[in-house]
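Below, each chain spelled out in residue letters.
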Amino acid sequence: MLAEKEIKNNFAKRIFAPAVPVILGYLPVGFAYGVLGVNAGISTLNTILMSLIVFAGSAQLMATAFFAQGLNPFSIILTTFIVNLRHLLMSASLSTHMKKWNKAEVAGFCYELTDETFAVHSMRFADGDKAAIPAISINVICQLSWVIGTILGTMTGNLIQDVKPFALDYALPAMFIALLILQIKNRKHIWVALTGGLISIFLWGAGITQWNVILATVVGATLGAILETSSKKNSDQNKSKEEGS
Amino acid sequence: MTDQQVLLTMIGMGLVTYIPRLLPAWFLRGKTLHPFIEAWLNYVPVAVLAALLLPSLLVADGQFNLQWSNLYLWAALPAGLVAWKTRSMFATILVGMALVAIIRLIL
């Protein structure tokens, strides 16, 4: 009995709770994508399959417009590649926590690595919960909510489009606000966040709307690494000076 | 495009999405990295979250919007304060969504 209760607690605390904000955000956005997909002339089955095969919000929303315009497949695939290339950095960043995972776990986990699941896991892993199975379970739940949202959207067509009265469209921005602020632990983090955010918005304003996130991240993380290693060197030098004197 | 061509395009989209998601974790996991690279990777979350978040707050309908009408931006300030004070993701989301919903109701 006790064990059962513990497992339930475990599931609620370790898996369901971190997934809830993502679910709240994915259902309405998946829904909107479903509506747009069918309205763009993509078949219901293909619209749903895209949420299973690609599972990338912004790329899928862009693709519906591209399919509607009749853009050639090569351009659609290339644009998708560029838009989703930022996940390269997220995958690299999380890899430092996956030392004990086997190949199948890494392959399964990475299939569902999105901006949102990355944000959740970067927090969880840093807090010490690095087990593979809970992490993968969170991802599966998140993708499931994305697919369910899509299916509901394809069924309703353009009957209901407005999720705004419930402010569900603010679930994901609010989650990013929380996850960003919770990860700011010292002054270096503040500089990195300011640099990343400002460069991203500046590049966006300059018309670089597909590369802004990845470029801003590279500059921000480089600044952080320089600050980190130089402050370490300083303290090392101070230490050796103290030891020498 | 026929349904089959759309499906093939989507499979291509899926591949070019999955490969960058997979390869870094696949090859870097378990490797001992240079301390600078390791520090760099540890700063990626903060940098990328900020790089994703700021445009989503400042840009509305494809344009910069710093006016009062940009609810996303102004609701972010109290929501951010709640995150800072409570260290709770749920409280932050609740306050953010409630504010946006209430202001929309009033306006």
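As a reminder, the structure under discussion sits directly above these lines.
Engineer: How should the overall build of chain B be read in this particular structure?
Structural biologist: A count of helices and strands for chain B gives four helices and two strands. Computed over C-alpha atoms, the radius of gyration of chain B comes to 20 Å, more than 25% over the 13 Å expected from 2.2 N^0.38 for 107 residues, which places it beyond the range of a compact globule. Seen through its C-alpha atoms, chain B measures out along the principal axes to roughly 50 × 50 × 25 Å. With 107 residues in all, chain B has 42% of them scored as buried.

Engineer: Would you mind going over the nonpolar core with me for this structure?
Structural biologist: One broad rule of soluble globular proteins: the nonpolar side chains tend to lie buried together. Residues A:Met175, A:Phe176, A:Ile177, A:Leu180, B:Ala47 and B:Leu49 are the most contacted members of the largest nonpolar core, which totals 98 residues. Looking at this core element by element, the count peaks at 16 residues for helix H2 (residues 35–58) of chain B. A domain split of this core shows at least three residues from each of domain 1 (2–183) and domain 2 (186–245) of chain A. Ignoring anything within four residues of it in the chain, the contact list for A:Met175 reads A:Pro21, A:Gly25, A:Ala119, B:Met89 and B:Ile93.

Engineer: Before we go on, may I ask you to explain helix H3 (residues 57–69) of chain A in this structure?
Structural biologist: In an α-helix, one turn spans 3.6 residues, which is why side chains three or four residues apart end up on the same side. Residue and element names in this part refer to chain A. Taking 1.5 Å per residue as the helical rise, H3 with its 13 residues ought to reach 18 Å, and the 19 Å between its terminal C-alpha atoms agrees with that figure. Burial in H3 covers these residues: Gly57, Ala59, Gln60, Ala63, Thr64 and Phe67. Taken end-on, H3 shows its buried residues confined to a sector of 155°, consistent with a single buried face. Of the exposed residues in H3, those oriented more than 90 degrees away from the buried face are Ala65 and Gln69. Of the residues flanking the end of H3, it is glycine 70, one or two places downstream, whose phi is positive at about 75°.

Engineer: How should helix H6 (residues 103–111) of chain A be read in this particular structure?
Structural biologist: For H6(A), the full list of buried residues reads A:Val106, A:Phe109 and A:Cys110. Seen along its axis, H6(A) keeps its buried residues to an arc of 95°; they face one direction. Elements in contact with the buried residues of H6(A): helix H5 (87–95) and helix H8 (132–156) of chain A together with helix H1 (3–28) of chain B.

Engineer: I tried to follow the packing of helix H9 (residues 171–182) of chain A against helix H4 (residues 89–106) of chain B on my own but got confused; where do I start?
Structural biologist: In a pair of packed helices, the angle between the axes and the distance between the axes together describe the arrangement. Orientation of H9(A) relative to H4(B), taken along the N-to-C sense of each, is 140°, at an axis distance of 9 Å. Comparing their axes, H4(B) and H9(A) come out oblique. Crossing hand, H9(A) versus H4(B): right-handed. Between H9(A), through A:Ala171, A:Ala174, A:Met175, A:Ile177, A:Ala178, A:Leu179 and A:Leu182, and H4(B), the contact on the second element is made entirely by B:Met89, B:Thr92, B:Ile93, B:Gly96 and B:Met97. When grouped by side-chain class, the residues that make up the contact of H9(A) with H4(B) number 10 nonpolar, two polar and no charged.

What counts and what doesn't
By convention here, each chain's residues receive numbers from 1 onward along its written sequence. Naming scheme: in the order in which they are written, chains are lettered from A and ligands are numbered from 1. In view of the model being predicted, local features appear only for residues whose pLDDT reaches at least 70, and side-chain atom pairs are presented and counted only at 80 or more, with totals across whole chains, interfaces and linings using the full set of residues. Counting from the N terminus, the helices are DSSP H or I runs at least four residues long and the strands are E runs at least two residues long. For the radius of gyration, the atoms used are the C-alpha atoms, and the globule rule reads 2.2 Å times the number of residues raised to 0.38. The burial criterion counts other C-beta atoms lying within 10 Å of a residue's C-beta, which is placed from the backbone; the residue is buried at 20 or more, exposed at 12 or fewer, and partly exposed between these limits. Think of a nonpolar core as buried Ala, Val, Leu, Ile, Met, Phe, Trp, Tyr and Cys residues chained together by C-beta atoms that fall within 7 Å. Just so you know, the domain bounds were taken from an automatic or database domain assignment. Contact between two residues is assigned whenever their backbone-derived C-beta positions fall within 7 Å. Helices are assigned an expected span. That span is 1.5 Å times one less than the residue count. This arc corresponds to the set of directions leading from the helix axis out to the C-beta atoms. Under this scheme, a helix contributes an axis fitted over its contacting stretch, all axes are lines through C-alpha atoms, and angles between N-to-C directions fall in the 0 to 180 degree range. Put simply, angles under 35 degrees are roughly parallel, angles over 145 are roughly antiparallel, angles from 65 to 115 are roughly perpendicular, and the rest are oblique. A crossing counts as left-handed when the near helix is turned anticlockwise from the far one by less than a right angle, and as right-handed when that turn is clockwise. Three classes are used, and their members are as follows: Ala, Val, Leu, Ile, Met, Phe, Trp, Tyr, Cys and Pro are nonpolar, Asp, Glu, Lys and Arg are charged, and the others, Gly among them, are polar.

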